[in-house]
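Topology and contacts: notes
Here is how the chains run, residue by residue.
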Amino acid sequence: MEAIASGSAEKFREVKAAEGLFDDEVIYVSAQGSRIGIDGGRIVITTADKQETVSSFPVEKVRTVNVFGNISVSTPFLASCGKAGMSVNYFTWYGKYVGSFVPEQNTIAEVRRRQAALGGEQALMIARAIVGAKIRNSRTLLSRKKVRPPERMKVLEANVHSAGDMNQLRGIEGEAAALYFGCLDECLIEGWTFEKRTRRPPQDHINSLLSLTYAMMKNEVMSALRQYNLDPFIGVMHTDRHGRPALALDLMEEFRPIFCDAFAVRLVNQRILDHDDFTAENRLKEHAFKKYLSQFDGYMKETFMHPKFRYTVTRRRAVVMQAILLRKAIVGEMKRYHPLAFVR
């Protein structure tokens, strides 16, 4: 794995061989046995024997550290995270989210009270906007891949705004998702097949890529929500359940087709990954997982013209912007939530 630093969305600058990825805000650490510590105001990643420093980053520049697998994290480092307001997210080696260290200062009681009290028409209005954007973005992705979206999806998108309750809205979303996934196979190059969405565990390689990318995006969303003092576990549309980040899953919906699925399709269609990169259990092999992390980090730094605000942002910044807009809608600073929706 290489440590990669970047100040732009278009290219990376390679530095010495290491096991971190850096983008001025987020670090990924995946070299098994590595140690993460603190030294003179810098985050330092060393080899297991502490004999070699492989990466070093200024604390004030980092918002989130993502740790994969068997990585040692020092207590002084966590203390520095607490002071700096930095989150540390823990994953298994294969990308399954395990838990997080969240700084104590990253809480504002009034925002949490508003979030917990959210309900009725206000919650339904936010949920309608999210589901409508998800269906719109699903149609857009299919169109970009030269696949004609079913006409029924357009009808369902229109029906979102008249949904009378959450159950009706969930029904609309479920039908639209089934139609969308029924077309996803047409987006893939020869040699790859998508029959249906499967999880826990994914039953084929494309489903494995989708699940992994959803997990990575969930982490991006959770980090953004926490940055703006929203509780990822108190949802608007997804029901609260122990250990389930309901609000993160809510906000993720609009990103699933246009960011997550688009990324998985890119990895396949551009032959960045192939079937030989997977184990018999449909997991990425070690070298392929490192390649995946590098590709995902680069993907999140790529820029696009924001369809509402009409200026250039990275995908990672767009996720943060949506967290800000969601917070404003929840606390009443905005009359409605403005989702990220692409019309073409």
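The residue numbering used here restarts from 1 in each chain and proceeds along that chain's sequence as written. In keeping with the model being predicted, local features are shown solely for residues with a pLDDT of at least 70 and side-chain atom pairs are shown and tallied solely at 80 or more, while totals for entire chains, interfaces and linings include all residues. Excluding hydrogens and water, the side-chain values take into account all heavy atoms of the structure.

What to know about empty space enclosed by the protein
Cavities and pockets were defined on a 1 Å grid built from protein atoms only: a cavity is a group of points that admits a 1.4 Å probe but offers it no way out, a pocket is an open group of points flanked by protein on both sides within 12 Å along at least five of seven lines, and a lining residue is one with an atom within 4 Å of any such point. Grid points are joined across faces, edges and corners, and a volume is the space filled by probe spheres set on the points. Enumeration according to the criterion identifies one cavity of 30 Å³ or more in this entry. In this structure, the largest cavity encloses a volume near 50 Å³. Lining the largest cavity we find K134, I135, S138, M153, E173, A176, A177 and Y180. Residue assignment for the lining of the largest cavity shows that the elements contributing at least two residues are α3 (120-144) and α5 (166-181). Of the residues assigned to the lining of the largest cavity, the class counts are five nonpolar, one polar and two charged. The secondary structure listing takes helices from DSSP runs of H or I that are at least 4 residues long and strands from runs of E that are at least 2 residues long, numbered from the N terminus. Residues are grouped as follows: nonpolar covers Ala, Val, Leu, Ile, Met, Phe, Trp, Tyr, Cys and Pro; charged covers Asp, Glu, Lys and Arg; every other residue, Gly included, is treated as polar.

Section: the layout of surface pockets
Roughly 1,700 Å³ of volume is contained in the largest pocket. Around the largest pocket sit 48 residues that line it, and R197, R199, R200, S211 and Y214 are the ones nearest its centre. Secondary structure elements with two or more residues in the lining of the largest pocket: β11 (97-101), α3, α5, α6 (205-227), α7 (246-252) and α8 (256-269). In terms of residue class, the lining of the largest pocket is made up of 20 nonpolar, 12 polar and 16 charged.

Topic: the nonpolar core
Nonpolar cores were defined as sets of buried Ala, Val, Leu, Ile, Met, Phe, Trp, Tyr and Cys residues, with membership established by side-chain atoms within 4.5 Å. Note on exposure labels: buried denotes an accessible area under 20% of the residue type's maximum, exposed denotes more than 50%, and partly exposed covers the range between, all computed with a 1.4 Å probe on protein chains only. Counting 91 residues, the largest nonpolar core has F259 and Y292 as the members making the most contacts within it. Counting residues in hydrophobic clusters, the runner-up holds 16 residues, among them I45, F57, V65 and V88.

Overview of the pattern of salt bridges
The rule for a salt bridge is simple: a side-chain nitrogen of Lys or Arg has to be within 4 Å of a carboxyl oxygen of Asp or Glu. All told, the structure shown has 15 salt bridges when counted by the stated rule. For E253, the salt bridge identified is with K134, shortest N-O distance 2.6 Å. With a gap of 119 residues between them, E253 in the loop between α7 and α8 and K134 in helix α3 connect regions that are remote in the sequence. For E253, a relative accessible area of 6% corresponds to the buried category. Across the salt bridge formed by E302 and R266, the nearest N and O atoms sit 2.8 Å from each other. Remark: R266 occurs in helix α8 and E302 occurs in the loop between α9 (286-301) and β12 (303-305); sequence separation between them is 36 residues.

A look at the packing of aromatic side chains
Here the aromatic set is Phe, Tyr and Trp, taking the six-membered ring for Trp, and pairing holds for ring centres within 6.5 Å; pairs whose planes are under 30 degrees apart are stacked, those over 60 apart are edge-to-face, and all others are tilted. Using the criterion set out here, one finds 12 aromatic pairs in the structure. Ring geometry for Y180 versus F181: centroids 5.2 Å apart, planes at 50°, classification tilted. With relative accessibility at 3%, the residue Y180 sits in the buried group. A residue is classified by how much of its surface remains accessible, and F181, at 17% relative accessible area, is buried.

Quick notes on the environment of A341
Along the chain, A341 falls in the segment after α10 (315-331). Note on A341: relative accessible area 26%, which makes it partly exposed. Between the C-alpha atom of A341 and that of T140, which follows or precedes it by 201 residues, the distance is 9.0 Å. With sequence-adjacent residues up to four places away left out, A341 is seen in contact with A133, R136, N137 and P307. Two residues qualify as a contact provided that any one of their heavy atoms is within 4.5 Å of a heavy atom in the partner residue.

Here's the deal with unusual backbone geometry
For K146, which is not glycine, the phi dihedral falls at a positive 65°. Positionally, K146 belongs in the loop between α3 and α4 (151-159). Phi is positive for N282, close to 65°, though the residue is something other than glycine. By secondary structure assignment, the location of N282 is in the loop between α8 and α9. Judged by its relative accessible area of 15%, N282 falls in the buried class.

Structural notes on α4
Every buried residue of α4 is accounted for by M153, L156 and E157. Angularly, the buried residues of α4 cover 105° about the axis, an arc narrow enough to put them on a single face. Of the surrounding elements, those touching the buried residues of α4 are α3 and α5. Comment: arc refers to directions from the helix axis out to C-beta atoms.

Overview of the state of the cysteines
Any covalent bond linking the sulfur atoms of two cysteines counts as a disulfide. Note that a disulfide, as used here, is simply two cysteine sulfur atoms within 2.5 Å. Per the stated rule, a full pass over the model turns up zero disulfides. For C187, which is in no disulfide, the shortest distance to another cysteine sulfur is to C183 and amounts to 7.6 Å.

Topic: the sheet that holds strand β6 (residues 42-46)
Pairs of strands are assigned from DSSP output, requiring at least two bridges between the strands. Here four strands make up an open sheet; going across it, the order is β7-β6-β5-β9 and the pairing mixed. Unpaired on one side and paired on the other, β7 (53-58) and β9 (72-73) mark the two borders of the sheet. Bridge count for strand β5 (residues 35-39) against β6 is five bridges, and the pairing is antiparallel. Opposite I36, over in β6, you have I45 as the bridge partner. Geometry is summarised by axes, namely lines fitted to C-alpha atoms with helices restricted to the contacting stretch, and by angles between N-to-C directions that run from 0 to 180 degrees. Across the face of the sheet, helix α1 (residues 75-84) comes into contact with β5, β6 and β9 while running at roughly 65° to β5.

Looking at the confidence of the model for the protein chain
pLDDT measures how confident the predictor is about each residue, on a scale from 0 to 100. Counting all residues, the mean pLDDT for the protein chain is 84, and 90% of those residues have values of 70 or more. Element-level mean pLDDT values for the protein chain span from 27 in strand β2 (residues 13-17) up to 96 in α8. Contacts of residues 1-24 to residues separated by more than four positions or lying in other chains number 76 contacts, the stretch itself having pLDDT below 50.

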